[in-house]
Amino acid sequence: MSILLPETTRTSIDALTPRQIVAELDKFVIGQHAAKRAVAIALRNRMRRQKLAPELAEEIAPKNILMIGPTGVGKTEIARRLARLAQSPFLKIEASKFTEVGYVGRDVESMVRDLVELGVEMVREERIEEVRAKAAQNAEERLLDILLPPSRPAAPDEDPHATRDQQQQTRERFREQLRAGRLDTRVVEIDVHQKSFPSFEIIAGSQVEEVDINLKDMLPGLFQGKSKKRKVKVPEALEYLTQEEEQKLIDMDSVARAAVERVEQAGIIFLDEIDKIAGREGSHGPDVSREGVQRDILPIVEGTTVNTKHGMVRTDHILFIAAGAFHVSKPSDLIPELQGRFPIRVELEALGRDEFVRILTEPRSALVKQYTALMDTEGIRLSFTPDAIGRIADFATRVNERTENIGARRLHTVMEKLLDEISFEGPDLEEKTVTIDEAYVTRMLADIVKNEDLSRYIL
């Protein structure tokens with residue numbers, strides 16, 4: 001069995017060293033160097049594994065990572081950006097959504113099925129890009145067939161070659177008009193397939209995959225849907241026909257196989273809130289199933305085979321990144337077997353004023369840049385002075401200290417409250433140049449922050 005990743009994944013990331021991976025993550029996440037370093041090494045080890053002999057590569061399991069740190073410090077963002085960098089199928093899911101077998105809730109295998117669906121969609125989009133030009137060409141020919149009247153047979157006294165040339169010239173003229181947009185107002189009639197999903201009931205707690213019955217094979221035609229004629233304008237018809245042609249040119253069986261292989265070799269699952277299921281036997285009330293959930297998750301993390309509608313998927317080489325605040329519990333409260341499956345542990349630091357100032361200004365999608373761009377759509381030139389940014393960071397830090405510490409997410413609530421007046425009155429403002437300085441920030445936020453009860457609700 002080949003262990004190589006798809007070509008697009010291998011060539012784009014293979015050249016990046018761990019130091020360069022950290023530099024890429026620095027563009028989006030401020031601080032947390034230890035966590036970035038850990039995920040960079042994990043990703044690089046994946047690339048190193050590809051270059052080994054298949055027999056040895058099969059034995060090397062990924063070193064799963066446990067991130068420990070309060071909410072809003074960048075745990076999820078690091079994992080998400082890493083997956084985007086590696087072009088890997090990525091799934092974020094809360095561990096608290098799962099319940100012990102026998103209880104109402106999602107079973108743990110559903111995370112692998114969800115990851116496979118994401119992988120299928122990822123590969124399908126790549127294949128569509130490859131066939132897009134051919135599909136557009138085929139769709140154009142079909143649309144010209146609809147626009148042009150059926151070709152009449154040549155009369156006995158006519159030259160068939162001349163008739164054919166004339167029809168071809170007419171077709172080319174229509175093609176030019178179509179590409180120039182001169183036919184956009186014309187209405188054509190096309191066959192549109194309606195998706196129909198028959199209703200059937202599944203026994204509670206079971207999965208379609210578990211029944212091991214392929215309904216499409218049992219009841220052919222049931223899922224095909226009916227087609228009906230619709231009158232649409234030429235651009236809409238061309239778009240619909242292009243989509244139809246794309247589907248015809250893509251082999252979904254091949255897509256499913258490639259997706260399963262990509263998930264097995266490059267998939268990343270981010271298990272958030274794992275501290276919520278950390279607990280040992282002896283607790284009372286609704287928490288009794290916590291250890292049961294851990295025991296159900298354990299086989300997935302250590303490596304098992306999950307049945308999905310796209311085939312059997314092995315989880316041996318999927319990278320698991322778990323994260324939790326661990327305010328109440330601690331990592332040692334996880335069952336020993338699960339602890340052993342997360343050998344790399346990194347602690348993320350709480351964010352302070354200096355980090356908030358950097359978060360507001362440095363990343364590519366920094367909050368200040370976002371709000372400036374949003375207001376620019378209304379013709380308002382919004383600018384922030386350095387003193388104003390420092391003051392915003394001060395307020396966010398103070399509210400985090402007095403109430404619940406929600407990390408960088410506090411900046412969203414502070415910025416929304418700060419720009420509430422401008423956002424509401426923006427379209428009606430006569431003065432289109434607005435400068436946010438320290439005095440403006442103090443005027444908008446000081447009263448709320450001063451009243452602790454009010455800041456608890458508003459910010």
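In what follows, the structure referred to is the one given above.
Residues numbered from 1 in each chain as written. Predicted model: local features only at pLDDT ≥ 70, side-chain atom pairs only at ≥ 80, totals over all residues. Heavy atoms only, no water.

Peer 1: Sorry, what's going on with the sheet that holds strand β8 (residues 319-324) here?
Peer 2: Hydrogen bonds between backbone groups are what pair the strands of a sheet, and the pairing can be parallel or antiparallel. The five strands are arranged β2-β5-β8-β1-β9 in an open sheet whose pairing can be described as parallel. One side of each edge strand has no neighbouring strand; the edge strands of this open sheet are β2 (90-94) and β9 (344-347). The sheet shows a mean angle of 20° between the axes of neighbouring strands, direction not considered. Looking at chain direction, strand β1 (residues 65-68) and β9 are connected through four bridges and run parallel. Within β9, the position partnered with I68 by the bridge is E347. (Pairing = 2+ DSSP bridges. Helix = DSSP H or I, 4+ residues; strand = E, 2+ residues; numbered from the N terminus. Axes fitted to C-alpha atoms, helices over the stretch in contact; angles between N-to-C directions.)

Peer 1: How do you make sense of the layout of surface pockets when you look at a structure like this?
Peer 2: Where empty space is left in the structure can be found by rolling a water-sized probe over the atoms. Quantified by volume, the second largest pocket comes out at close to 780 Å³. Around the second largest pocket, the lining comprises 33 residues; the ones closest to its centre are G72, G74, E77, A408 and R409. With five residues, the top contributor of residues to the lining of the second largest pocket is helix α5 (residues 75-86). Of the residues contributing to the lining of the second largest pocket, the split by class is 11 nonpolar, 11 polar and 11 charged. (1 Å grid on protein atoms, 1.4 Å probe; cavity = no way out; pocket = protein on both sides within 12 Å on 5 of 7 lines; lining within 4 Å. Points joined across faces, edges and corners; volume = space filled by probe spheres on them. Nonpolar A, V, L, I, M, F, W, Y, C, P; charged D, E, K, R; others polar.)

Peer 1: How should the nonpolar core be read in this particular structure?
Peer 2: The nonpolar side chains of a soluble globular protein tend to be buried, and buried together. M67, I321, F384, M415, L418 and I436 are the most contacted members of the largest nonpolar core, which has 62 residues in total. Among all residues touching M415, those that are not within four sequence positions of it are L360, L367, V368, Y371, F384 and I392. Counting 40 residues, the second-largest nonpolar core is a separate cluster that includes A95, L271, I335 and F342. (Core = buried A, V, L, I, M, F, W, Y, C linked by side-chain atoms within 4.5 Å. Buried < 20%, exposed > 50% of the residue type's maximum accessible area, 1.4 Å probe, protein only. Contact = heavy atoms within 4.5 Å.)

Peer 1: Explain the side chain of T242 to me, please; I cannot follow it from the model alone.
Peer 2: Structurally, T242 is set in helix α10 (residues 234-249). When sequence neighbours within four positions are dropped, the list of residues in contact with T242 reads A135, A136 and A139.

Peer 1: Honestly, the pattern of salt bridges in this entry has me stumped. Any pointers?
Peer 2: It is possible for side chains of opposite charge to pair when their charged atoms get near one another. Counted under the stated rule, the structure contains 35 salt bridges. For the salt bridge of E129 with R132, the shortest nitrogen-to-oxygen distance reads 2.5 Å. Of this pair, E129 and R132 both sit in helix α6 (residues 110-147), three residues apart, roughly one helical turn. When the shortest N-O distance is used, the salt bridge between R230 and E236 registers 3.2 Å. A relative accessible area of 40% places E236 in the partly exposed class. (Salt bridge = Lys/Arg side-chain N within 4 Å of Asp/Glu carboxyl O.)

Peer 1: I'm lost on α5 in this one. Help?
Peer 2: Note that an α-helix has 3.6 residues per turn; residues three or four places apart therefore point the same way. The end-to-end C-alpha distance of α5, which contains 12 residues, comes to 17 Å, matching closely the 16 Å that a straight helix rising 1.5 Å per residue would cover. Turning to α5, its buried residues are K75, T76, I78, A79, R81, L82, A83 and A86. Immediately beyond the C-terminal end of α5, within one or two residues, lies Q87, with a positive phi of roughly 55°. (Expected span 1.5 Å × (residues − 1).)

Peer 1: What am I meant to see in the packing of α6 against helix α11 (residues 252-266) here?
Peer 2: When two helices pack together, their arrangement is given by the angle between the helix axes and by the axis-to-axis distance. It is at 8 Å that the axes of α6 and α11 come closest, and there the two elements cross at 125°. By the criterion of interaxial angle, the relationship of α6 to α11 is oblique. Note that α6 runs across α11; the crossing there is right-handed. Seen from α6, the contacting residues are L115, V116, G119, V120, M122, V123, R124, E126 and R127; seen from α11, they are M252, S254, V255, A256, A258, A259, V260, R262 and V263. Among the residues making up the contact of α6 with α11, the classes are represented as 12 nonpolar, two polar and four charged. (Parallel < 35°, antiparallel > 145°, perpendicular 65-115°, else oblique. Left-handed = near helix turned anticlockwise from the far one by under 90°.)

Peer 1: It is not clear to me how a negative patch on the surface should be interpreted in this structure. Could you clarify?
Peer 2: Taken together, the side chains of E378, E416, D420, E421, E425 and D428 make up a negatively charged region of the molecular surface. Looking at the negative patch, the element that brings in the most residues is helix α18 (residues 420-425), giving three residues. Here E425 falls in the partly exposed class, since its relative accessible area comes to 37%. (Patch = residues over 30% accessible without salt bridge, like charges linked within 9 Å, V, L, I, M, F, W, Y side chains within 5 Å. Areas by Shrake-Rupley, 256 points an atom, 1.4 Å probe, with all protein chains shown as cover. Lys, Arg positive; Asp, Glu negative; His and termini not counted. Charge placed at Lys NZ, Arg CZ, Asp CG, Glu CD.)

Peer 1: Just checking my understanding: could you explain the packing of helix α3 (residues 33-50) against α5 for this structure?
Peer 2: Across the interface, α3 lies against α5 with an axial gap of 11 Å and an inter-helix angle of 30°. Taken as axis vectors, α3 and α5 run roughly parallel relative to one another. For the element pair α3 and α5, the recorded crossing hand is right-handed. Seen from α3, the contacting residues are A35, K36, V39 and L43; seen from α5, they are I78, L82 and A86.

Peer 1: Just to check I follow, could you spell out the packing of aromatic side chains for this structure?
Peer 2: Here a ring pair, both rings aromatic, is described through the centre-centre distance and the interplanar angle of the planes. What the rule picks out here adds up to zero aromatic pairs. Positioned above the aromatic ring of F28 is the side chain of R81, whose terminal nitrogen or guanidinium carbon lies 4.0 Å from the ring centre. (Phe/Tyr/Trp six-rings, centres within 6.5 Å; stacked < 30°, edge-to-face > 60°. Lys NZ or Arg CZ within 6 Å of the ring centre and 35° of its normal.)

Peer 1: Would you mind showing me how to read a nonpolar patch on the surface here?
Peer 2: A surface patch of nonpolar side chains, amounting to about 220 Å² of accessible area, comprises L52, L56 and I60. With respect to the helices, strands and loops of the structure, L56 is situated in helix α4 (residues 54-59). A residue is classified by how much of its surface remains accessible, and L56, at 47% relative accessible area, is partly exposed.

Peer 1: Please explain the pairing of strand β10 (residues 381-384) as it appears in this structure.
Peer 2: The two faces of the sheet receive side chains in turn, since in a regular strand these alternate between them. Here β10 shows a clear split, with L382 and F384 buried on one side and none of R381 and S383 buried on the other. Of the pairings in the sheet, the one linking β10 to strand β11 (residues 433-436) comprises four bridges and is parallel in character. Along β11, the bridge assignment pairs F384 with I436.

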